[in-house]
Amino acid sequence: MMMLDWTRRAACLDLDPELFFPISVEGPSRSQVEQAKRVCGRCPVRRPCLEYALDTRQAYGVWGGTDPAQRRELSLATPPRETVPARSLRGGR
């Protein structure tokens, strides 16, 4: 289970969620996206928010000051996290 304690300190906590989920990121909605990013710019938990969005592949909305296209770029530029294979139990269990 992912710890989401950081959400309680988010600058967007008491704001209308629709601000962060505009219909598009183009045209008239662009100003809404920019406004949401300004909120993120002063947020004390911007980094964990962005990490959450990347880890859970959030395809919509503004998360951690990024729009979907920016997160796609970050995902492509960041190599997947290395995982360590599980060790087999002793005795073949």
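In the block above lies the structure referred to throughout.
Small disclaimer: the values here were computed from a predicted structure and weren't measured. (Residues numbered from 1 in each chain as written. Predicted model: local features only at pLDDT ≥ 70, side-chain atom pairs only at ≥ 80, totals over all residues. Heavy atoms only, no water.)

## Some thoughts on the environment of Gln58
- The topology assignment puts Gln58 in the loop between α2 (46–55) and α3 (68–77).
- Note on Gln58: relative accessible area 25%, which makes it partly exposed.
- For the pair Gln58 and Arg71, spaced 13 residues apart in the sequence, the C-alpha separation amounts to 8.4 Å.
- There is a polar contact of 3.0 Å between the side chain of Gln58 and the side chain of Thr56. (Helix = DSSP H or I, 4+ residues; strand = E, 2+ residues; numbered from the N terminus. Buried < 20%, exposed > 50% of the residue type's maximum accessible area, 1.4 Å probe, protein only. Polar contact = N/O pair within 3.5 Å; in protein donor to acceptor, adjacent residues only side chain to side chain.)

## So, α2
- For α2, the set of buried residues is Cys49, Leu50, Tyr52 and Ala53. All buried residues of α2 project into a common sector of 160 degrees when viewed along the axis, lining one side.
- Residue Arg57 follows α2 closely and has a positive phi angle near 55 degrees. (Arc of directions from axis to C-beta.)

## Observations regarding the layout of surface pockets
- Empty space within the second largest pocket amounts to approximately 320 Å³.
- Contributing to the lining of the second largest pocket are 18 residues, with Cys12, Phe20, Cys49, Val62 and Trp63 lying nearest its centre.
- Its residues placed into classes, the lining of the second largest pocket shows 15 nonpolar, two polar and one charged. (1 Å grid on protein atoms, 1.4 Å probe; cavity = no way out; pocket = protein on both sides within 12 Å on 5 of 7 lines; lining within 4 Å. Points joined across faces, edges and corners; volume = space filled by probe spheres on them. Nonpolar A, V, L, I, M, F, W, Y, C, P; charged D, E, K, R; others polar.)

## Brief notes about the pattern of salt bridges
- Enumeration over the complete set of coordinates arrives at five salt bridges.
- Arg30 is the salt-bridge partner of Asp67, the closest N and O atoms lying 3.9 Å from each other. With Asp67 in the loop between α2 and α3 and Arg30 in helix α1 (residues 29–41), the pair connects residues that are 37 residues apart, well separated along the chain.
- Residue Lys37 pairs with Asp67 through a salt bridge whose shortest N-O separation is 3.0 Å. (Salt bridge = Lys/Arg side-chain N within 4 Å of Asp/Glu carboxyl O.)

## Regarding α1
- Over its 13 residues, α1 extends 18 Å from the first C-alpha to the last, a length consistent with the 18 Å expected when each residue adds 1.5 Å.
- If you check which residues of α1 are buried, you get Ser29, Val33, Ala36, Lys37, Val39 and Cys40. Burial along α1 is one-sided: seen end-on, the buried residues are contained in an arc of 155 degrees. Facing away from the buried side of α1 by more than 90 degrees, the exposed set consists of Ser31, Arg38 and Gly41.
- Each element contacted by the buried residues of α1 is listed here: α2 and α3. (Expected span 1.5 Å × (residues − 1). Contact = heavy atoms within 4.5 Å.)

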